[in-house]
Number of protein chains: 2
Amino acid sequence: MNERESISDKFSCLTGIKFKNADILVEAVSHRSFKKDVSYQRLEFLGDSLLSFFTSEYFYRKYKLFAEGELSKFRTSIVNRENLSHVFTQLNLSDLVFIDRKSFKDDIPESIKEDIMESLLAAVYLDGGIRAAKKMFKLIIKNSHSVPEEFFAKNQLQELSLGRYKSLPEFKTVESEEKEFVCRIYVNGKYCSEAQGKSKKECEKKAALLAFRKLEKEIQ
Amino acid sequence: MNERESISDKFSCLTGIKFKNADILVEAVSHRSFKKDVSYQRLEFLGDSLLSFFTSEYFYRKYKLFAEGELSKFRTSIVNRENLSHVFTQLNLSDLVFIDRKSFKDDIPESIKEDIMESLLAAVYLDGGIRAAKKMFKLIIKNSHSVPEEFFAKNQLQELSLGRYKSLPEFKTVESEEKEFVCRIYVNGKYCSEAQGKSKKECEKKAALLAFRKLEKEIQ
């Protein structure tokens, strides 16, 4: 088995994605320190913008009540060096990379891991089309740092309430005597949940999560 | 005919693209100054990244010998406020826009034209899928400021020569007595073209364009 086939098999084992043309996979994992005339850089250029598009679409469709500023923050939570190099590590891709191991004695630097996640996405796209690339994107999302559930709770509750009752939930938040905050949530005019917290934001998030879980249970 | 149908018909006349769901088209052309609760901003968020991806792919496939830094420059030549508002004007989209005409007495500002080109691309994508969006993208490219032919001539010549003769063309450039530069190009070892210019770069571009046209003619 030659090197190209071997790397293609390894990639398929790690990701479940098979390449028709292994050359482009080799290009995607080749750092310029290894061979002078092969490098992932053009693919990384394409992959960077493809990842940004997929991530934008993902959050656009998932959070219909969020404004563009918030969507942009969510996108950045995926498309950033730290997260992408984390995904690279989660997917165990280090062995695949062609790099001058003498120059990079310890581990592969985060910046190169990030680049290779992007170049791989482009390679999968060019080899297997948009569907294959979306499969790869799902792997990226699945292996990304997760955003805390509370972060989205308020939004999800709003969507659920709007969808079912055509009205937004009502948040009533007051400061308690012990200098804590208490938030009560009313959905469709009825009391639904309550939570305490050290700030207005904190107790509203907590109460929203409780309310969301309660309403979700009612559906099932 | 109601407003939604009318705007959908107008858009179809101007671009050849028909919407199944006119609501999303209305959203794409609605500035927040017109109606408080409808605005193109979420669509613009999505369209911005889709346009960046399409443009990256376009140049990635078109110029195989260019490095990522140059590809990035080409992308910027399309994805920038001045060019996108130029495309907007070329496509005659002003009448479609829902905007408070009193606040914007003269013309629609460039920044809004740019936003709407992007939001429209996203709307076409969400309504008609990737194929419809690529049709819209072709219109954007077709109506963009063109990059001077000489700019790419050297690269196109290199690709042609590599593809046909498996070798790069040879550029021999010397300074003439009149302080002008002369470039002679040899393809596959044979003399092909010659040009003069005030700088090395200029005469090489000119000579490359001549050589490219000559070789192209030979194919036909």
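Residues numbered from 1 in each chain as written. Chains lettered and ligands numbered in written order. Predicted model: local features only at pLDDT ≥ 70, side-chain atom pairs only at ≥ 80, totals over all residues. Heavy atoms only, no water.

A look at the domain arrangement of chain A
All names here are of chain A.
- We note that the domain assignment places domain 1 (3–142) and domain 2 (149–219) within chain A.
- Each of domain 1 and domain 2 has a C-alpha centre, and the two are 38 Å apart.
- Counting residues at the interface gives six residues for domain 1 and seven residues for domain 2.
- Summing the contributions of domain 1 and of domain 2, the shared interface buries around 590 Å²; its carbon and sulfur component is 72%.
- Taken together, domain 1 and domain 2 are joined by zero salt bridges.
- Summed over the shared surface of domain 1 and domain 2, the number is one residue pair in polar contact (both at pLDDT 80 or more).
- In the side of domain 1 that touches domain 2, the residues fall into four nonpolar, no polar and two charged. (Domains from an automatic or database assignment. Contact = heavy atoms within 4.5 Å. Buried area = accessible area lost by both parts, 1.4 Å probe. Salt bridge = Lys/Arg side-chain N within 4 Å of Asp/Glu carboxyl O. Polar contact = N/O pair within 3.5 Å; in protein donor to acceptor, adjacent residues only side chain to side chain. Nonpolar A, V, L, I, M, F, W, Y, C, P; charged D, E, K, R; others polar.)

Topic: the relation of the copies chain B and chain A
- Of the transformation placing chain B onto chain A, the axial shift is 0.0 Å and the rotation is 180°, giving an RMSD of 0.2 Å. What the superposition gives is, in effect, a two-fold axis relating one chain to the other.
- Comparing interface residues between copies, 100% of those in chain B also sit at the interface in chain A, which points to an isologous, same-surface contact. (Least-squares fit on C-alpha atoms with pLDDT ≥ 70 in both.)

Quick look at a nonpolar patch on the surface
All names here are of chain A.
- Taken together, the side chains of L65, L162 and L168 make up a nonpolar region of the molecular surface, amounting to roughly 240 Å² of accessible area.
- Mapped onto the elements, L162 comes out in helix α7 (residues 149–165).
- Taking the relative accessible area as the measure of exposure, L162 reaches 32% and is therefore partly exposed. (Patch = residues over 30% accessible without salt bridge, like charges linked within 9 Å, V, L, I, M, F, W, Y side chains within 5 Å. Areas by Shrake-Rupley, 256 points an atom, 1.4 Å probe, with all protein chains shown as cover. Helix = DSSP H or I, 4+ residues; strand = E, 2+ residues; numbered from the N terminus. Buried < 20%, exposed > 50% of the residue type's maximum accessible area, 1.4 Å probe, protein only.)

Describing the sheet that holds strand β1 (residues 170–175) of chain B
Residue and element names in this part refer to chain B.
- Judged by pairing direction, the sheet is antiparallel, and its three strands sit side by side in the order β1-β2-β3 without closing on themselves. In this open sheet, the two strands that pair with only one neighbour each are β1 and β3 (190–197). Adjacent strand axes in the sheet meet at a mean angle of 20°, parallel and antiparallel pairs treated alike.
- One ladder, built from seven bridges, connects strand β2 (residues 181–187) with β3; its direction is antiparallel. Its bridge partner being in β3, V182 is matched across the sheet by Q196. (Pairing = 2+ DSSP bridges. Axes fitted to C-alpha atoms, helices over the stretch in contact; angles between N-to-C directions.)

Observations concerning helix α1 (residues 3–15) of chain B
Residue and element names in this part refer to chain B.
- Here α1 contains 13 residues, and its C-alpha end-to-end distance of 18 Å stays within 8% of the 18 Å for a straight helix at 1.5 Å per residue.
- Taken residue by residue, α1 has I7, S8, F11, S12 and T15 as its buried positions. Mapping the buried residues of α1 onto a view down its axis gives an arc of 140°, with all of them on the same face. Away from the buried face of α1 by more than 90 degrees, exposed residues E3 and C13 are located.
- Residues of α1 that are buried sit in contact with α2 (22–28) and α6 (110–142).
- Two residues or fewer after α1 comes G16, characterised by a positive phi angle close to 80°. (Expected span 1.5 Å × (residues − 1). Arc of directions from axis to C-beta.)

Examining the pattern of salt bridges
Residues and elements named next belong to chain A.
- Under the defined criterion, the tally for this structure stands at 20 salt bridges over all chains.
- The partner of R184 in a salt bridge is E194, and the shortest N-O contact between them spans 3.1 Å. A residue pair is termed long-range when its members are at least 10 positions apart, and R184 in strand β2 (residues 181–187) and E194 in strand β3 (residues 190–197) qualify at 10 residues.
- Note on R184: relative accessible area 35%, which makes it partly exposed.
- Here E194 falls in the partly exposed class, since its relative accessible area comes to 35%.

Some remarks on the interface of chain B and chain A
- At the junction of the two partners, chain B supplies 27 residues and chain A supplies 27 residues.
- For the pairing of chain B and chain A, the buried interface totals around 2400 Å² over both sides, and the portion due to carbon and sulfur atoms is 62%.
- It is R42(B), F45(B) and Y60(B) in chain B that bury the most area against chain A; as a group they hold 36% of the surface buried on that side.
- For the interface between chain B and chain A, the tally reads zero salt bridges.

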